[in-house]
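Report on the structure
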Amino acid sequence: AMIPSRLFSARLRLLEGMGRWTPSTQAVLGPGWLLPQHASPRLLSVSCADGAKHQEPRRKKLLSEKQLKRHFVDHRRVLVRGGRGGDGVSCFHSEPRKEFGGPDGGDGGNGGHVILRVDQQVKSLASVLSRYQGFDGEDGGRKNCFGRNGALLYIRVPLGTLVKEGHEVVADLSHPGDEYVAALGGAGGKGNRFFLANDNRAPVTCTPGQPGQERVLFLELKTVAHAGMVGFPNAGKSSLLRAISNAKPTVASYPFTTLNPHVGIVHYEDHQQIAVADIPGLVRGAHRNRGLGCAFLRHVERCRFLLFVVDLSVPEPWTQVEDLKYELEKYEEGLSARPHAIVANKIDLPEARARLPELQARLGQKAIALSAATGENLEELLLRLKDLHEEHVANELARGRQPLRW
Ligand SMILES: Nc1nc2c(ncn2[C@@H]2O[C@H](COP(=O)(O)OP(=O)(O)OP(=O)(O)O)[C@@H](O)[C@H]2O)c(=O)[nH]1
Ligand SMILES: [Mg+2]
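The notes below deal with the structure included here. The structure displayed is predicted, hence computed values, not measured ones. (Residues numbered from 1 in each chain as written. Chains lettered and ligands numbered in written order. Predicted model: local features only at pLDDT ≥ 70, side-chain atom pairs only at ≥ 80, totals over all residues. Heavy atoms only, no water.)

**Observations concerning the overall build of the protein**
Definition in use: Each helix is a run of DSSP H or I of at least 4 residues and each strand a run of E of at least 2, with the numbering of both proceeding from the N terminus. Any residue under 20% of the maximum accessible area for its type is buried, any over 50% is exposed, and the rest in between are partly exposed; the area is computed with a 1.4 Å probe on protein chains only. By definition in these notes, contact holds between two residues if any of their heavy atoms fall within 4.5 Å. Methods summary: accessible areas were calculated by the Shrake-Rupley approach with a probe of 1.4 Å, and residue burial reflects only the protein chains presented.
Secondary structure assignment for the protein yields eight helices and 14 strands. Burial status across the protein gives 49% buried among its 406 residues. The contacts in the protein between residues at least 6 apart in sequence include a share of 74% that link residues at least 24 apart. Carbon together with sulfur atoms contributes 51% to the accessible area of the protein, which is approximately 20300 Å² in total.

**Focus: the sheet that holds strand β6 (residues 168-173)**
The condition is simple: In short, DSSP must find at least two bridges between two strands for them to pair. Angles run from 0 to 180 degrees between N-to-C directions of axes, and those axes are lines fitted to C-alpha atoms, restricted for helices to the stretch in contact.
One open sheet accounts for five strands, arranged β3-β1-β8-β5-β6; its pairing is mixed. For this open sheet the edge positions go to β3 (131-133) and β6, each flanked by a neighbour on one side alone. When the angles between neighbouring strand axes are averaged without regard to direction, this sheet yields 25 degrees. Relative to strand β8 (residues 214-221), strand β5 (residues 161-165) runs antiparallel, the two being bridged by four bridges. Bridge pairing links Lys 164 to Phe 218 in β8.

**Here's the deal with the site of ligand 1**
Going by this rule: Throughout, the term near means that a residue has one or more heavy atoms lying within 4 Å of the molecule or strand in question. Polar contact is the term for a pair of N or O atoms within 3.5 Å; when the atoms are in protein, one must be able to donate a hydrogen and the other to accept it, and sequence-neighboring residues count only if both atoms are side-chain atoms. Each residue is assigned to one of three groups, with Ala, Val, Leu, Ile, Met, Phe, Trp, Tyr, Cys and Pro labelled nonpolar, Asp, Glu, Lys and Arg labelled charged, and all others, Gly among them, labelled polar.
Close to ligand 1 lie 23 residues, the nearest being Ser 238, Ser 239, Phe 256, Thr 258 and Asp 348. Within the contact set of ligand 1, an oxygen atom lies 3.2 Å away from a backbone nitrogen or oxygen of Ala 235. One of the side-chain N or O atoms of Lys 237 is found 2.8 Å from an oxygen atom in ligand 1. Contact with the protein chains hides 88% of the accessible area of ligand 1, taken as 650 Å² for the molecule alone. Top element by residues in the shell around ligand 1 is helix α4 (residues 237-244). It accounts for three residues. Among the residues making up the shell around ligand 1, the classes are represented as ten nonpolar, ten polar and three charged.

Laid out in structure tokens, this is it:
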């Protein structure tokens, strides 16, 4: 589970055991709606339920939009410093009855580099700290002992991390296993043995180790996936991802459950794998920085095709599609024209099913009506995903490019 959802659930436990829960079926978009009135029964835990008997639940504080954005970690400023090189040593060989032992001060070891490495287990930049110091090299020793080099320090980052220095993009870690040396370790110093020469048989000079490189880098996550799911909060994107893939994003009846994109892999019988990203809820006016703003729309940028997830339990569901397209277009021109499918979710609810014919008519395009909750008609979506994927592969090959492989 991601950190933000844990924060939410901690807050929500206060309301558990109350039995007042009703599933919220629609998200009403306004400034004060960011947390639910009722907690989901999923979060029930015994210890807290006991506690609830004795104490009055506290009033929940509403998260402001600003606080909400703080939970959403897809960019980070990091200070990286390579390890310092070890110092060289100045000393002379000494042994009983041997009067002029030569210089035998060893060199210091090199400082360790700090390296960014893509790790597909890592899903967000939340685990990245604000500063990293590489391992120092060891100092040299007597008897020509060289210091040990500092070990490499790896920072694990998710696939699709963009590395910027100032405004310049210095690396784009968009392939599994990609690495980028963020800061070089300093070179080790030389011991006096190094300075031994024919004209100087007894050098006393030795040099100190160099400090490691220091850089301030900006990491930015752009989720890489085949398909990106976009939809309003509570549309059921996370439920859908759970239903079709191995991913387990949190599902709850309040908007903005998902604050970080999740990527799930859909496995087909022919061993094909399609990566689907669950992208945080978009709201009307996102381009004017409402809700989570449109910062997270950069995750959509790299999705090869889109799934518009529409909540059929809300009146006039077709406006959702128009609004989603509008917001996407505001963010980047042409984004709404990506290959896409329209998914009408929550068909298990009777009022939702009744709205379907009108939705189809208004869109002038087929919508895949399904229920993430009951699993009804998921096959149609899976087949459509496969078609979209094949289209993408054919397109990329035609342009002489390598299609995204998972
Ligand atoms: N009846 C019904 N309820 C559903 C269905 N799919 C999702 N829900 C409910 O809708 C609510 C929201 O589901 P989520 O999957 O968390 O929605 P989301 O789009 O990921 O929401 P955010 O992460 O907040 O953007 C939950 O209470 C789900 O149980 C469905 O097919 N039928
Ligand atoms: Mg979600």
